[in-house]
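Chain by chain, the residues run as shown.
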Amino acid sequence: AQKVTQAQTEISVVEKEDVTLDCVYETRDTTYYLFWYKQPPSGELVFLIRRNSFDEQNEISGRYSWNFQKSTSSFNFTITASQVVDSAVYFCALQSDDKIIFGKGTRLHILP
Amino acid sequence: DTGVSQDPRHKITKRGQNVTFRCDPISEHNRLYWYRQTLGQGPEFLTYFQNEAQLEKSRLLSDRFSAERPKGSFSTLEIQRTEQGDSAMYLCASSLAFLPYEQYFGPGTRLTVT
């Protein structure tokens, strides 16, 4: 069975703090893709990153960074120097074959 | 705009009524997916098409739900005899028909059943 677990349902931090969103996944497939999406209050899903299962290199994009560890089946997302505009629901997701399996999301509140 | 579009963006209906949503994928994309997102949950897969063929349906897709993609371009999702539990955001995505099947999501249709 494939599953994505985001144990943190809601997080609040003060602006400029760093925050890490956790994601743990389960799959028996050897080839798969992992994603992070942002969903602001408007409801649209905003694609942030895709990693394939053969690429464990961590990635940094501006204030965002991702830590992929196959040994622990984790794909964590860190926002450095958070801003109020980062407030949203963040989804981790897993794709193998055709469909994407989403976690339940972490609601992130950045307090001014 | 060449992204995935969905119509309507919002729909309010009374219980028992039928509703139909439309999704227009990115023009060169062969695959089209439907997901449903209820409050506080992540999107859940409903069904997908490759061209006009419906290749997979989730068990979430009850008999009251039907999806079509008659000409392999736009798709419709119809819900018959709506129930309050059908209230959700219905998301459409499209992709090319080869790995990594990168899916591009539309803005969604928010359905409220009163």
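Right, let's walk through the structure included here. Only a predicted model underlies this, so the values are computations on that prediction, with no experimental measurement involved.

Counting residues at the interface gives 21 residues for chain B and 17 residues for chain A. Note on chain B versus chain A: buried area summed over both sides is about 1700 Å², and carbon and sulfur give 52% of it. When residues of chain B are sorted by the area they lose upon contact with chain A, Pro-43, Pro-100 and Phe-105 of chain B head the list and together hold 26% of the total. Applying the counting criterion to the chain B and chain A interface returns two salt bridges. Between Glu-102 of chain B and Arg-50 of chain A there is a salt bridge whose closest N-O contact spans 2.6 Å. Between the two partners, chain B and chain A, sit five residue pairs in polar contact (both at pLDDT 80 or more). Counting residues per element, the side of chain B that touches chain A draws most heavily on strand E4 (residues 31–37) of chain B, at four residues.

Residue and element names in this part refer to chain B. If you walk across this open sheet you meet the four strands as E1-E3-E8-E7, and the pairing is antiparallel. In the strand order of this sheet, the two ends are held by strand E1 (5–7) and strand E7 (65–68), each with one partner. The mean inter-strand angle of the sheet, taken between neighbouring strand axes irrespective of direction, is 15°. Pairing geometry for E1 and strand E3 (residues 19–24), over three bridges, is antiparallel. Paired with Gln-6 across the strands is Cys-23, a residue of E3.

Calculation rules
Residues numbered from 1 in each chain as written. Chains lettered and ligands numbered in written order. Predicted model: local features only at pLDDT ≥ 70, side-chain atom pairs only at ≥ 80, totals over all residues. Heavy atoms only, no water. Contact = heavy atoms within 4.5 Å. Buried area = accessible area lost by both parts, 1.4 Å probe. Salt bridge = Lys/Arg side-chain N within 4 Å of Asp/Glu carboxyl O. Polar contact = N/O pair within 3.5 Å; in protein donor to acceptor, adjacent residues only side chain to side chain. Helix = DSSP H or I, 4+ residues; strand = E, 2+ residues; numbered from the N terminus. Pairing = 2+ DSSP bridges. Axes fitted to C-alpha atoms, helices over the stretch in contact; angles between N-to-C directions.

These figures come from the coordinates and say nothing about function on their own.
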